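What the coordinates show
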Amino acid sequence: MAKTKPGKKDLDSYTIKGTNKVVRPGDCVLMRPSDSDKPPYVARVEKIEADHRNNVKVRVQWYYRPEESIGGRRQFHGAKELFLSDHYDVQSAHTIEGKCIVHTFKNYTKLENVGAEDYFCRFEYKAATGGFTPDRVAVYCKCEMPYNPDDLMVQCEGCKDWFHPSCMGMTIEEAKKLDRFLCSDCSSEDDAKRSLNAFPVSPSLEAKVESKRRKR
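Read on for an overview of the structure. Each chain has its residues counted from 1, following the order in which its sequence is written. Residue-level local features of this predicted model are given only where pLDDT is at least 70; pairs of side-chain atoms are given and counted only at 80 or more, and the full residue set underlies all totals for whole chains, interfaces and linings. Only hydrogens and water are removed before side-chain values are computed, so all heavy atoms of the structure are retained for them.

On to the overall build of the protein. Looking only at helices and strands, the protein features four helices and 14 strands. Partly exposed residues are those whose accessible area sits between 20% and 50% of the maximum for their type, while under 20% is buried and over 50% is exposed, using a 1.4 Å probe and protein chains only. Out of the 216 residues belonging to the protein, those deemed buried represent 38%. Each accessible area is a Shrake-Rupley estimate made with a 1.4 Å probe; only the visible protein chains count as cover when residues are assessed. If you sum the accessible surface of the protein, you get close to 13,200 Å²; carbon and sulfur atoms cover 48% of it. Only DSSP runs of H or I reaching four residues or more are called helices, and only runs of E reaching two or more are called strands; each is numbered from the N terminus.

Moving on, we come to the packing of aromatic side chains. Put simply, two rings from Phe, Tyr or Trp (the six-membered ring, in Trp's case) pair if the centres are within 6.5 Å, and we call them stacked under 30 degrees between planes, edge-to-face over 60, tilted for the rest. Per the counting criterion, the structure on display carries 11 aromatic pairs. Look at Phe 83 and Tyr 125: their rings are 6.0 Å apart centre to centre, the planes differ by 40°, and that puts the pair in the tilted class. One end of the pair, Phe 83, is in strand S7 (residues 81–92); the other, Tyr 125, is in strand S9 (residues 118–125), with 42 residues separating them in the sequence. Across this residue pair, the class does not change: Phe 83 and Tyr 125 are buried. Chaining the aromatic ring pairs together yields one cluster made of Tyr 64, Phe 83, Phe 123, Tyr 125 and Phe 132. Definition used: whenever NZ (Lys) or CZ (Arg) falls within 6 Å of the ring centre and also within 35 degrees of the ring normal, the charge is taken to sit over that ring. In this arrangement the basic side chain of Lys 80 is found over the ring face of Tyr 119, its NZ or CZ atom lying 4.6 Å from the centre.

With that settled, consider the pattern of salt bridges. A side chain with one charge can pair with a side chain of the opposite charge if their charged atoms come near. Salt bridges are defined by distance alone: a side-chain nitrogen of Lys or Arg within 4 Å of a carboxyl oxygen of Asp or Glu. All told, the structure shown has eight salt bridges when counted by the stated rule. Of the charged contacts in the structure, one is a salt bridge between Glu 49 and Lys 8, with a shortest N-O distance of 3.6 Å. Residue Glu 49 is located in strand S5 (residues 41–50), and its partner Lys 8 is located in the segment before strand S1 (9–10); the two are separated by 41 residues in the primary sequence. For Lys 8, a relative accessible area of 56% translates into the label exposed. Of the charged contacts in the structure, one is a salt bridge between Asp 10 and Lys 47, with a shortest N-O distance of 3.7 Å. Here the residue Asp 10 occupies a position in strand S1, and Lys 47 occupies one in strand S5, the gap between them amounting to 37 residues. The exposure class of Asp 10 is exposed, given its relative accessible area of 52%. Through salt bridges with shared partners, a single network forms among Lys 8, Asp 10, Lys 47 and Glu 49.

Looking now at the side chain of Glu 157. Among the secondary structure elements, Glu 157 is positioned in the loop between strand S12 (154–155) and strand S13 (162–163). Two N or O atoms count as a polar contact when they lie within 3.5 Å, although within protein this holds only if one can serve as hydrogen donor and the other as acceptor, and sequence-adjacent residues are included solely when both atoms are side-chain atoms. There is a polar contact of 3.1 Å between the side chain of Glu 157 and the side chain of Arg 180.

To continue, consider the nonpolar core. Of all hydrophobic cores here, the largest spans 21 residues; its most connected members are Met 31, Val 45, Val 58, Val 60 and Ile 96. Among the secondary structure elements, those contributing two or more residues to this core are strand S4 (28–31), S5, strand S6 (56–64) and S9. Ranked by residues supplied to this core, first place goes to S6 with five residues. Here the nonpolar core consists of buried residues drawn from Ala, Val, Leu, Ile, Met, Phe, Trp, Tyr and Cys, with membership extended through side-chain atoms lying within 4.5 Å. Residues Cys 141, Tyr 147, Met 153 and Met 170 belong to the second largest nonpolar core, which totals 20 residues.

Moving on, we come to the pairing of S9. Of all the eight residues making up S9, seven are buried; the element is thus mostly covered by neighbouring parts of the structure. Across five bridges, S7 lies against S9 in parallel orientation. Paired with Leu 84 across the bridge in S9 is Glu 124. Should DSSP find at least two bridges between two strands, the strands are regarded as paired. Looking at chain direction, strand S8 (residues 96–104) and S9 are connected through four bridges and run parallel. Residue pairing for S9: Thr 104 is matched across the bridge by Cys 121. Bridge analysis of S9 against strand S10 (residues 132–133) gives two bridges, and the strand direction is antiparallel. Along S10, the bridge assignment pairs Tyr 125 with Phe 132.

Examined against the element boundaries, His 94 turns out to sit in the loop between S7 and S8. C-alpha separation for the pair His 94 and Lys 57, spaced 37 residues apart in sequence, amounts to 8.3 Å. Whether two residues are in contact is decided by their heavy atoms: any pair within 4.5 Å suffices. Discounting chain neighbours no more than four positions away, the residues touching His 94 are Tyr 14, Lys 17 and Arg 32.

On their own, these measurements won't tell you what the molecule is for.
Okay, structure coming up:
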């Protein structure tokens with residue numbers, strides 16, 4: 001008669017090998033890929049457990065990079081953007097290389113300095129179908145693309161929408177030197193009442209909430 005395998009025990013934490021960094025359930029981690037040429041995988045730790053031989057395993061929920069998704073990377077995807085997938089897995093804790101922070105999109109746009117450990121997520125992703133939640137987001141500029149936090153945008157004083165300098169026939173350097181900006185639709189109107197000394201160079205969350213939003 002086969003012996004029953006000894007039970008596993010849940011752990012509250014795991015210290016990453018060779019470091020003093022402690023991982024707990026709920027933390028986001030960087031995991032070593034099988035291909036050393038690829039960047040580390042990013043996952044959220046759901047559970048940590050050890051077997052009778054003290055081999056530690058972690059149950060994780062994977063984040064996908066845009067290029068790992070069915071649709072691939074698109075123009076509006078940020079360099080540090082990730083998708084929270086419905087793909088769960090169990091991995092050896094020894095494959096954990098370090099910890100990272102996956103911010104909400106809102107909090108990421110407020111960061112003054114983005115570190116190597118900083119990422120953001122604004123979509124959930126179904127690995128089997130390639131579907132996203134939400135499947136519609138606000139778009140900006142005359143190119144009608146979602147906001148990419150890596151790209152500089154300028155705000156029109158008239159309609160309060162945000163525009164890419166390249167879509168307005170400007171270089172980034174020219175956009176940074178502007179004291180005020182009116183888009184082509186608003187520039188023909190009388191702008192005497194909208195005279196300002198300066199304008200915000202990057203979209204603030206407050207302005208985005210107030211700005212005219214169009215759904216794709």
